[in-house]
Amino acid sequence: MRVLVCLFALWASPSVFAQALPELDLKATYAYNFAALTHWPPTARTSFNFCVFGDEGLAEAMRRLEGKTLHGRGVTVARLGALSAIRDCDLLYVGADEAPSLPRIVELLGDAPVLTVTDAPQPQPAAVVIVAEGSRLAFEVDVERCHRAGLKPGSALLGLARNLRRPAG
């Protein structure tokens, strides 16, 4: 519930929070809340792995999440230099500089339960795309991509999204 209140506060009054938190910290907080508000399949992993590909500044901001608990597992953060370990991620944040790699990343992940997030300009084949709207951040959720990964975005997450792409049918 506390996570939901935090996410709602970030969404409802972003100009206040944008002044208090640097953009990279906001993106890290958003990513944490995306993960918290998503239902994950059972796993044997003892840690919840946040991975960042292509954005050192964001990786540093996400390192502040280490030590927190998410879905009963301790949060770890890794900055990836290559795509070989992406299936070990629970949430994979792909920086704008690496956005051209997203189609290949999606192909490599297949139906692995990895939530892909990016802040690259639209359109992107990621489950969640963070977009700038003037002086605030918003996000879009590709429900179909989440379902293909075996993930179920919670109703609170979907309700706060600026735009949704739903499965056909």
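Note that this is a predicted model, so its numbers are computed, not measured.

### Structural notes on the pattern of salt bridges
Moving on, step 1. Here the structure, examined in full by the defined rule, presents 14 salt bridges.
Moving on, step 2. Between R64 and D25 there is a salt bridge, with the nearest N and O atoms lying 2.6 Å from each other. Note that R64 is positioned in the loop between α4 (56–62) and β3 (69–70) and D25 in helix α3 (residues 23–36), a separation of 39 residues in sequence.
Moving on, step 3. Here R162 makes a salt bridge to E133, at a shortest N to O gap of 3.1 Å. One end of the pair, R162, is in the loop between α7 (155–160) and β10 (163–165); the other, E133, is in strand β7 (residues 128–133), and 29 residues separate them in sequence.
Moving on, step 4. R162 gets classed as partly exposed once you look at its relative accessible area, which sits at 42%.
Moving on, step 5. The exposure class assigned to E133 is partly exposed, which follows from its relative accessible area of 26%.

### Thoughts on the sheet that holds strand β8 (residues 136–142)
Moving on, step 1. Across the sheet, 8 strands lie side by side as β3-β4-β2-β5-β6-β7-β8-β10; this open sheet has mixed pairing. Across the chains shown, the open sheet's two edge strands, defined by having one partner strand only, are β3 and β10.
Moving on, step 2. As paired elements, strand β2 (residues 47–53) and strand β5 (residues 91–94) share 4 bridges and run parallel to each other. Residue pairing in the sheet places C51 in a bridge with L92 of β5.
Moving on, step 3. Here α3 sits on the sheet in contact with β2, β3, β4 (73–80), β5, β6 (115–118), β7 and β8, set at roughly 30° to β8.
Moving on, step 4. On the sheet, helix α5 (residues 102–109) packs against β2, β5 and β6 and is oriented at approximately 165° with respect to β5.

### With respect to the packing of aromatic side chains
Centre-to-centre distance and the angle between the planes together describe a pair of aromatic rings.
Moving on, step 1. Under the counting rule described, the total for this entry stands at 6 aromatic pairs.
Moving on, step 2. Ring centres of Y32 and F50 lie 6.4 Å apart, and the angle between their planes is 10°; on these two criteria the pair is classed as stacked. Here Y32, found in helix α3, pairs with F50, found in strand β2; they are 18 residues apart in sequence, far enough to count as distant.
Moving on, step 3. For Y32, a relative accessible area of 12% corresponds to the buried category.
Moving on, step 4. On the numbers, 5.1 Å between centres and 90° between planes, the contact of W40 with F48 is edge-to-face.
Moving on, step 5. Here W40 falls in the buried class, since its relative accessible area comes to 16%.
Moving on, step 6. On the accessibility criterion, F48 (0% relative accessible area) is buried.

Reading the values: the criteria
- Residues numbered from 1 in each chain as written.
- Predicted model: local features only at pLDDT ≥ 70, side-chain atom pairs only at ≥ 80, totals over all residues.
- Heavy atoms only, no water.
- Salt bridge = Lys/Arg side-chain N within 4 Å of Asp/Glu carboxyl O.
- Helix = DSSP H or I, 4+ residues; strand = E, 2+ residues; numbered from the N terminus.
- Buried < 20%, exposed > 50% of the residue type's maximum accessible area, 1.4 Å probe, protein only.
- Pairing = 2+ DSSP bridges.
- Contact = heavy atoms within 4.5 Å.
- Axes fitted to C-alpha atoms, helices over the stretch in contact; angles between N-to-C directions.
- Phe/Tyr/Trp six-rings, centres within 6.5 Å; stacked < 30°, edge-to-face > 60°.

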